[in-house]
Amino acid sequence: MIYKVFYQENMIETPLRENTKSLMIEASSVEDVRKKLTNRGFNIEFIELMRDAQIAYEKNDPDFKLEEI
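Residues numbered from 1 in each chain as written. Predicted model: local features only at pLDDT ≥ 70, side-chain atom pairs only at ≥ 80, totals over all residues. Heavy atoms only, no water.

## Points about the nonpolar core
Taken as a class, soluble globular proteins show a tendency for nonpolar side chains to be buried jointly. Counting residues in hydrophobic clusters, the biggest one holds 11 residues: Tyr-3, Val-5, Tyr-7, Leu-23, Ile-25, Ala-27, Val-33, Leu-37, Phe-42, Ile-44 and Ile-47. Mapped by element, the contributors of at least two residues to this core are strand E1 (2–8), strand E2 (21–26), helix H1 (30–37) and strand E3 (43–49). If you tally residues by element for this core, the top one is E1, at 3 residues. Residue contacts for Phe-42: discarding those within four places in its chain leaves Tyr-7, Gln-8, Glu-9, Met-11, Leu-23 and Leu-37. (Core = buried A, V, L, I, M, F, W, Y, C linked by side-chain atoms within 4.5 Å. Buried < 20%, exposed > 50% of the residue type's maximum accessible area, 1.4 Å probe, protein only. Helix = DSSP H or I, 4+ residues; strand = E, 2+ residues; numbered from the N terminus. Contact = heavy atoms within 4.5 Å.)

## Observations concerning the packing of aromatic side chains
Scanning all chains against the criterion turns up 2 aromatic pairs. Between the aromatic rings of Phe-6 and Phe-46, the centroid separation amounts to 6.3 Å while the plane-to-plane angle is 35°, which identifies the pairing as tilted. In this pair, Phe-6 is assigned in strand E1 and Phe-46 in strand E3, connecting sequence segments 40 residues apart. Exposure remark for Phe-6: the relative accessible area of 24% places this residue in the partly exposed category. Residue Phe-46 is classed as partly exposed on the basis of its relative accessible area, which comes to 48%. Relative to Phe-42, the ring of Tyr-7 lies with its centre 4.0 Å away and its plane at 20°, an arrangement referred to as stacked. Here Tyr-7, found in strand E1, pairs with Phe-42, found in the loop between H1 and E3; they are 35 residues apart in sequence, far enough to count as distant. Considered together, Tyr-7 and Phe-42 belong to a single accessibility category, that of buried residues. (Phe/Tyr/Trp six-rings, centres within 6.5 Å; stacked < 30°, edge-to-face > 60°.)

## A closer look at the sheet that holds strand E4 (residues 66–67)
Strand order in the open sheet made by the 4 strands is E3-E1-E2-E4, with mixed pairing throughout. This sheet does not close on itself; its edge strands, each paired only once, are E3 and E4. Where E2 and E4 come together, 2 bridges link them in parallel fashion. The residue of E4 that forms the bridge with Ile-25 is Glu-67. (Pairing = 2+ DSSP bridges.)

Put into structure tokens, the structure is as follows:
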């Protein structure tokens, strides 16, 4: 399954919408996503399971990248 993770790069600062970033990652569950990202120090805001139509839409973006962890 592919998940889209919305996060802030800094755990110490107060989250600002303007600083929110996202990445796509393949994992078996939300817990697996969190486990794979623990060493990065991200402040994870939201994890969304992507559906086939959403994935197809995201793949049209030239900056689409699936994180390999």
